[in-house]
Amino acid sequence: MKVLAIDTSTFVMGIAVVDGQIVKGEIITNLKKNHSIRVMSAIEALLQECDMSPKDLERIVVAKGPGSYTGVRIGVTIAKTLAWTLNIPLVGVSSLEVMAASAKYFQGLVVPLMDARRGQIYTGLYQAVRGDIQSIVADQVILATDWANELKAYDQPILLVGNDSVLHEATFVETLGHSVQVASETLHNPRPSELAWLGINREPEDIHTFVPNYIRLAEAEANWLARQQERTE
Amino acid sequence: MSEKDIFVLGIETSCDETAAAIVKNGREIVANVVSSQMESHQRFGGVVPEIASRHHVEQITLVLEETMKQANMDVSEIDAIAVTEGPGLVGALLIGVNAAKALAFAHRIPLVGVHHIAGHIYANQLVQEMKFPLLALVVSGGHTELIYMKEHGVFEVIGETRDDAAGEAYDKVARALQLPYPGGPHIDCLAKQGKPTVDLPRVWLEEGSYDFSFSGLKSAVINTLHNAKQRGETILPEDMAASFQTSVVEVLVGKTIQAAAHYDVKQILLAGGVAANEGLRTQLQKQVEQLPEVELVIPPLSLCTDNAAMIAAAGTVLFQQGKRATMALNANPSLLL
Ligand SMILES: [Zn+2]
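Residues numbered from 1 in each chain as written. Chains lettered and ligands numbered in written order. Predicted model: local features only at pLDDT ≥ 70, side-chain atom pairs only at ≥ 80, totals over all residues. Heavy atoms only, no water.

1. Points about the overall build of chain B
Next up, step 1: A count of helices and strands for chain B gives 11 helices and 10 strands.
Next up, step 2: For chain B, the C-alpha radius of gyration of 20 Å lies close to 20 Å, the compact-globule estimate for 337 residues.
Next up, step 3: By principal-axis analysis of the C-alpha atoms, chain B measures approximately 65 × 45 × 30 Å.
Next up, step 4: Considering chain B as a whole, with its 337 residues, one finds that 60% of them fall into the buried category. (Helix = DSSP H or I, 4+ residues; strand = E, 2+ residues; numbered from the N terminus. Rg over C-alpha atoms; globule rule 2.2 N^0.38 Å. Buried < 20%, exposed > 50% of the residue type's maximum accessible area, 1.4 Å probe, protein only.)

In structure tokens:
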């Protein structure tokens, strides 16, 4: 099966083409540049390098968030439109799960994270079982200090993955001491080939109703709901 | 049109409408689908960009599918894809632009980027063939512009607002009158029941200028309402609506007629969401009689508000002129005409 994988949920842009058991190519950049300008050009270039036409594609896998709202939307919009017009299945995979997959041979717990401002992080808890990454605690947005405290209960070695790990390393070390370590620099960029791999056998989404997993409500919506709540109290 | 017919798929997501349409030869609507989010934004009293973007992602493939179904066509039969690249809300524009690029890429179809206002002007082409030179009055929530066109695809902005757009002034005045969002239609409706008894300014700016300014008028309305309240007097909302509308329309129509005479145009086109305003339509129709040589074209309401047929119509001209966008096409929220 020929799979195109797209991840634009952080500053890292990842595109991969996987053909059956073979990772044919991937493009990964970690640049503060505009995804909207670069993603379709990168897809075009990569398919061309792989001597493939869009019509050869049999499945699209996209990182569905959490992450930058705008970033995730660009990837998801492209993925939905391609899957719809090429009439092929679409699979969405957690952007944090893709990050965790870089550490799938770690003996212990894997904590992928993205900075979510004001001390908060998008994170989840994953565990590697013989090279397979499994979710233990669902993706969420939480204060890094609270998350570090919760992780204490597991009493296992913990690996932080993701480019924003360094921003929060101190918080985790303070609470968890030597049981926590940060993945090496070369593991932080999520690998789009891992994304393709995670999605290759999964149940496809309904293309029309598929939306990013933002985790958070839009701010205006949250404020509005809070006001409604006040009114009923 | 000779030889082969040209089918252009238009995509528009610049604000709170997710829209797609197919237009044949730049003039004939084959399919036209608009999914409005207005209800969702009403509770916030205006369009919330993040929420608009979220809705566009939910709607985009549904709207595209409905369009192809209406046209009974396959995307591979399309000759070009035209998409609004700006101006507008950047996060909203991005959805249309990236969907358009993905479609163009998947089927190797030429892609053209369209300016939203060019789209509004070309909505007229779906009603009546454009005759040059012409003058377009574009009035919407975000725009108040007088545009002179001496030929297809060439736009000269001869007048624009220096502060609020007319539609923006309508929304703010509507809020002051405690009318629901969006304010334009409510004021238009209320104005018909009232009389322009309140003395409000008409801002003509300096002699010979075709620019507009509505913030002074808006403030005058708010101050007048405030002062009346302090004195314990009541101004009937319908009279205030009528007075405000009269002032706006007088200036819009006055400047349009002046410019049409000065530039010796063959046509005046009314474009943009505020073109749905009955007060404006009626006055423009009445005043244009001063210029018997000039034809006035006002598209039906459904083509005045945001839609993708207008983008396809404008895109057809650009496509025929050889304009092409690459896979690097981006949303440009402050795109110039
Ligand atoms: Zn518009």
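2. Observations regarding the UniProt feature "binding site: substrate" (unreviewed entry) in chain B
Residues and elements named next belong to chain B.
Next up, step 1: Taking the numbering used here, the UniProt-annotated feature "binding site: substrate" (unreviewed entry) corresponds to Val138, Val139, Ser140, Gly141, Gly142, Asp171, Gly184, Asp188 and Asn277. As for the lining of the largest pocket, the annotated residues named previously contribute Ser140, Gly141, Gly142, Asp171, Gly184, Asp188 and Asn277.
Next up, step 2: With respect to the element layout, valine 138 can be found in strand β6 (residues 134–139).
Next up, step 3: Of the residues examined, valine 138 reaches a relative accessible area of 0% and is grouped as buried.
Next up, step 4: Beyond its immediate stretch of four places on either side in the chain, valine 138 contacts Ile117, His120, Ile121, His143, Thr144, Glu145, Ile147 and Ala271.
Next up, step 5: With respect to the helices and strands, the residue valine 139 is situated in strand β6.
Next up, step 6: A residue is classified by how much of its surface remains accessible, and valine 139, at 0% relative accessible area, is buried.
Next up, step 7: Ignoring sequence-local partners within four residues, the contact set of valine 139 consists of Thr144, Ala166, Leu252, Leu270, Ala271, Gly272, Gly273, Val274, Ala275 and Leu280. (UniProt positions renumbered as here; feature names shortened; annotations may be inferred. 1 Å grid on protein atoms, 1.4 Å probe; cavity = no way out; pocket = protein on both sides within 12 Å on 5 of 7 lines; lining within 4 Å. Contact = heavy atoms within 4.5 Å.)

3. Looking at the layout of surface pockets
Next up, step 1: Size it by volume and the largest pocket reaches roughly 1400 Å³.
Next up, step 2: Along the walls of the largest pocket sit 49 residues, with Cys15, Ser140, Gly141, Gly142 and Asp306 of chain B positioned nearest its centre.
Next up, step 3: Going through the elements one at a time, β3 (28–36), α4 (116–122), β8 (156–160), α5 (166–176) and α6 (183–193) of chain B are the ones with two or more residues in the lining of the largest pocket.
Next up, step 4: In terms of residue count, the dominant contributor to the lining of the largest pocket is α5 of chain B (six residues).
Next up, step 5: Considering only residue class, the lining of the largest pocket consists of 19 nonpolar, 18 polar and 12 charged.
Next up, step 6: For the lining of the largest pocket, the two domains that each supply at least three residues are domain 1 (5–121 + 302–319) and domain 2 (130–297) of chain B.
Next up, step 7: Residue assignment for the lining of the second largest pocket shows that the elements contributing at least two residues are α2 (69–86), β6 (109–115), β7 (120–129) and α7 (219–232) of chain A together with α2 (49–71) and α3 (90–107) of chain B. (Points joined across faces, edges and corners; volume = space filled by probe spheres on them. Nonpolar A, V, L, I, M, F, W, Y, C, P; charged D, E, K, R; others polar. Domains from an automatic or database assignment.)

4. Considerations on the sheet that holds strand β9 (residues 158–161) of chain A
Residue and element names in this part refer to chain A.
Next up, step 1: Spatial ordering of the open sheet is given by β8-β7-β6-β9-β10, a layout of five strands whose pairing is mixed. Edge positions in the open sheet fall to β8 (132–143) and β10 (180–182), since each of these has one partner strand only. Here the average twist between neighbouring strands, direction ignored, is 25 degrees.
Next up, step 2: Looking at chain direction, β6 and β7 are connected through five bridges and run antiparallel. Opposite leucine 109, over in β7, you have glutamine 127 as the bridge partner.
Next up, step 3: The sheet contacts of helix α4 (residues 144–152) involve β6, β7, β8 and β9, and relative to β8 the element is tilted by about 140 degrees. (Pairing = 2+ DSSP bridges. Axes fitted to C-alpha atoms, helices over the stretch in contact; angles between N-to-C directions.)

5. Details of the coordination of the zinc ion
In an ideal octahedron of six donors the angles at the metal are 90 or 180 degrees, and in an ideal tetrahedron of four donors they are 109.5 degrees.
All names here are of chain B.
Next up, step 1: Each protein donor to the zinc ion is listed here as His116 (NE2), His120 (NE2) and Asp306 (OD); together their distances run 2.0 to 2.1 Å.
Next up, step 2: Counting gaps between the donor residues of the zinc ion yields the pattern H-x3-H-x185-D. Highlighted residues: histidine 120 in helix α4 and aspartate 306 in the loop between α10 (301–304) and α11 (309–320), separated in sequence by 186 residues. (Donors = N, O, S within 2.8 Å, 3.2 Å for Na, K, Ca; no water.)

6. Digging into the environment of isoleucine 268 of chain B
Residue and element names in this part refer to chain B.
Next up, step 1: Structurally, the position occupied by isoleucine 268 is in strand β9 (residues 267–271).
Next up, step 2: Between the C-alpha atoms of isoleucine 268 and methionine 130, which are 138 residues apart in sequence, the distance is 9.5 Å.
Next up, step 3: Those residues in contact with isoleucine 268 that sit more than four places away from it in its chain are Leu135, Thr256, Ile257, Ala260, Val288, Val294, Glu295, Leu296 and Val297.

7. Things to note about the pattern of salt bridges
Residues and elements named next belong to chain B.
Next up, step 1: Going through the model one piece at a time under the given rule, you end up with 19 salt bridges over all chains.
Next up, step 2: Linking aspartate 164 and lysine 172 is a salt bridge whose minimum nitrogen-to-oxygen distance equals 3.5 Å.
Next up, step 3: For lysine 172, a relative accessible area of 28% gives the class partly exposed.
Next up, step 4: Here glutamate 168 makes a salt bridge to lysine 172, at a shortest N to O gap of 3.7 Å. In this pair, glutamate 168 and lysine 172 are both assigned in helix α5, four residues apart and thus about one turn of the helix distant.
Next up, step 5: Since its relative accessible area comes to 30%, glutamate 168 is described here as partly exposed.
Next up, step 6: Residues participating in the shared-partner salt-bridge network are Asp164, Glu168, Lys172 and Lys218. (Salt bridge = Lys/Arg side-chain N within 4 Å of Asp/Glu carboxyl O.)

8. Focus: the interface of chain B and chain A
Next up, step 1: Listed per partner, the contact involves 31 residues of chain B and 35 residues of chain A.
Next up, step 2: Carbon and sulfur atoms make up 65% of the area that chain B and chain A hide from each other, which totals about 3100 Å².
Next up, step 3: When the buried area of chain B at its contact with chain A is split by residue, Arg54, Thr61 and Phe105 of chain B rank highest and sum to 22% of it.
Next up, step 4: Linking chain B to chain A there are two salt bridges.
Next up, step 5: Residues glutamate 50 of chain B and arginine 73 of chain A are paired through a salt bridge, measuring 2.9 Å at the closest nitrogen-oxygen approach. (Buried area = accessible area lost by both parts, 1.4 Å probe.)

9. Some details on the domain arrangement of chain B
Residues and elements named next belong to chain B.
Next up, step 1: According to the domain assignment, chain B contains domain 1 (5–121 + 302–319) and domain 2 (130–297).
Next up, step 2: Inter-centroid distance (C-alpha atoms) of domain 1 to domain 2 is 27 Å.
Next up, step 3: Taken residue by residue, the interface counts 14 residues in domain 1 and 20 residues in domain 2.
Next up, step 4: With both chains or domains summed, domain 1 and domain 2 bury close to 1300 Å², and 77% of this area falls on carbon and sulfur atoms.
Next up, step 5: Together, Ile117, Ile121 and Cys304 form the three largest contributors to the area buried by domain 1 at its contact with domain 2, with a combined 45%.
Next up, step 6: Connecting domain 1 to domain 2 are zero salt bridges.
Next up, step 7: On the surface where domain 1 and domain 2 come into contact, there are two residue pairs in polar contact (both at pLDDT 80 or more).
Next up, step 8: At the level of elements, α1 (38–42) and α4 are the ones that each hand at least two residues to the side of domain 1 that touches domain 2.
Next up, step 9: At four residues, the largest contribution of residues to the side of domain 1 that touches domain 2 is made by α4.
Next up, step 10: Residue composition of the side of domain 1 that touches domain 2, by class: eight nonpolar, five polar and one charged. (Polar contact = N/O pair within 3.5 Å; in protein donor to acceptor, adjacent residues only side chain to side chain.)

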